[in-house]
Amino acid sequence: MEGEKVALLFGAFLCSSYAYEVSVSCMIAYDEGGASAVFDSPECPQWEFSAAIGTDNCLVATHQGRRKYQEDRIICYPRVIVPVLGEDGPNEASLGIAAVFDGHGGKEASEKASQKFLDYFLLHVVFNTYKKLFSHSKEHEEAGQYSLKFKVDEESTHGILEKAFLRTIQDIDSEFSQEALNNDYISGSTATVVLWMSGQILVGNLGDSKALLCSRRTHFDQDSEDNLVTRLQAEELTRDHHPDRDDEKVRIEAAGGVVLVIGVPRVNGILAVSRSIGDIRLKRYGVIAEPEVMSWRHLTTDDCYVVIGSDGIFERMSPQDVCDILHGGNAKENATSIDSSFCPSSSSLADCIVQNAFSKGSSDNLSVIVIPMTMEHKEQT
């Protein structure tokens, strides 16, 4: 009887273009083991999430640089259809997802994260939206109300997406850590993720890959003919997780680890970041896979680009240098000015950023995603 009740409730959740069926046994698998348990369970259908994805409007570039191996991985999906709850019941909305995973000690962790992130994230969205629907229906049934009207606000949808992101990183780290133990992997990976929906963005990160916003600003310049100059101003949306950051150092030392400076501050003299996926040898010393999340933020008409880059991009360039490239190379000549010779008309803006970072002597792998924040992105529903 309970199974029939659940199936009937979820029947209202099925849309013609985005239909997923959840059984009681599948929900139990999810509650007990997360995303990987659902994909491994014979009780759960094998959903094909890729049918809901659009891949245009992403400007991406990667370069192995001066390293022997390329350990960076990137994903960018500007239009992913996700289930949401509307006032009249189930609905769907368009969501953008982009991420940079900067691997170290091998490619295994960044490879795992890039391969699993989208499927795990969408699965968590589906299950948590379903739980919200079931909880709402049960509350109304107990109250003797049978209206299909839902009390839905922006905060509840955003909360589901944020929770899905956090659970996704947790599941990937847990699954990879077991693989690393079984296969003697020593690798780890940063994760910097941006979600955007209906004119708002959410940013979360582990490690030292950055996300930044390039916004149009006009300021007074006495050297300009009309005294007004417009440029793209950089704003960092993430804070690097370095072991010498006060709060990170406190956690590391409380776990029995130490921060030693060997070129740069490192956990136990080994790892230059204090949060990451993997790095199982250092988990006991305070290295965690818990993202730091910036609250949902409204975009304005002056916000032009969101950029996600591995730390190699910023080894020789500042966030402002990156925004100057996107503005068209109109930065004033100085020691860190961009070189427009690396930006022929045939190059994408992402390629131009990577080539400038390489030309300035960056020694690391280089990866960047540039997301133009068009009016469609700012107003999509």
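Above this note sits the structure.
Our subject in this report is the structure included herewith. Predicted model only: the values in this text are computed from it and were never measured.

Cut-offs applied
- Residues numbered from 1 in each chain as written.
- Predicted model: local features only at pLDDT ≥ 70, side-chain atom pairs only at ≥ 80, totals over all residues.
- Heavy atoms only, no water.
- Salt bridge = Lys/Arg side-chain N within 4 Å of Asp/Glu carboxyl O.
- Helix = DSSP H or I, 4+ residues; strand = E, 2+ residues; numbered from the N terminus.
- Buried < 20%, exposed > 50% of the residue type's maximum accessible area, 1.4 Å probe, protein only.
- Phe/Tyr/Trp six-rings, centres within 6.5 Å; stacked < 30°, edge-to-face > 60°.
- Lys NZ or Arg CZ within 6 Å of the ring centre and 35° of its normal.
- Core = buried A, V, L, I, M, F, W, Y, C linked by side-chain atoms within 4.5 Å.
- Polar contact = N/O pair within 3.5 Å; in protein donor to acceptor, adjacent residues only side chain to side chain.
- Disulfide = S-S within 2.5 Å.

Looking at the pattern of salt bridges
Here comes step 1: Applying the stated criterion across every chain yields a total of 19 salt bridges.
Here comes step 2: One salt bridge in this structure joins Asp173 and Lys283, with 3.3 Å as the shortest N-O distance. Of the two residues, Asp173 sits in helix H4 (residues 154-183) while Lys283 sits in the loop between strand S12 (277-278) and strand S13 (292-298), which places them 110 residues apart along the sequence.
Here comes step 3: Residue Lys283 is classed as partly exposed on the basis of its relative accessible area of 25%.
Here comes step 4: Connected through salt bridges with shared partners, the residues Arg239, Arg245, Asp247, Glu248, Arg251, Arg275 and Glu292 form a single ionic network.

With respect to the packing of aromatic side chains
Here comes step 1: Counted under the stated rule, the structure contains six aromatic pairs.
Here comes step 2: Each ring, one from Phe101 and one from Phe117, has its centre 6.2 Å from the other, and the planes form 50°; the classification is tilted. Separated by 16 residues along the polypeptide, Phe101 in strand S4 (residues 89-104) and Phe117 in helix H3 (residues 108-142) bring together distant segments of the chain. The same class applies to Phe101 and to Phe117, which are both buried.
Here comes step 3: Each residue in the set Phe101, Phe117, Phe121 and Phe165 is aromatic and connected to the rest through ring pairs, giving one cluster.
Here comes step 4: For Arg66, the ring lying beneath its charged end belongs to Phe358, and the centroid distance is 4.0 Å.
Here comes step 5: Over the ring of Phe314 we find Lys210; its NZ or CZ atom is 5.9 Å from the centre of that ring.

Notes on the nonpolar core
Here comes step 1: With 42 residues, the main nonpolar core has Phe117, Phe121, Phe127 and Leu195 as its most contacted residues.
Here comes step 2: Secondary structure elements with two or more residues in this core: helix H2 (24-40), strand S3 (72-86), S4, H3, H4, strand S6 (191-197) and strand S7 (200-206).
Here comes step 3: The leading source of residues in this core is H3, at 11 residues.
Here comes step 4: If you look at the next biggest cluster of nonpolar residues, it comprises 22 residues, including Ala61, Phe314, Cys323 and Val368.

Topic: the environment of Thr129
Here comes step 1: Secondary-structure assignment places Thr129 in helix H3.
Here comes step 2: As for Thr129 and Leu85, which are separated by 44 residues in sequence, their C-alpha atoms are 7.3 Å apart.
Here comes step 3: Reaching out from Thr129, the side chain makes a polar contact with the backbone oxygen of Val125 at a distance of 2.7 Å.

Quick notes on the state of the cysteines
Here comes step 1: Using the criterion set out here, one finds three disulfides in the structure.
Here comes step 2: A disulfide bridge connects Cys214 with Cys323, and the sulfur atoms are separated by 2.0 Å. The sign of the S-S torsion, about -80°, decides the handedness of the disulfide formed by Cys214 and Cys323: left-handed. One end of the pair, Cys214, is in strand S8 (residues 210-220); the other, Cys323, is in helix H6 (residues 319-327), with 109 residues separating them in the sequence. Taken as a pair, Cys214 and Cys323 share a single burial class, namely buried.
Here comes step 3: No disulfide involves Cys304; its sulfur sits 8.2 Å from that of Cys214, the nearest cysteine.
Here comes step 4: The class of Cys304 is buried, set by a relative accessible area of 13%.

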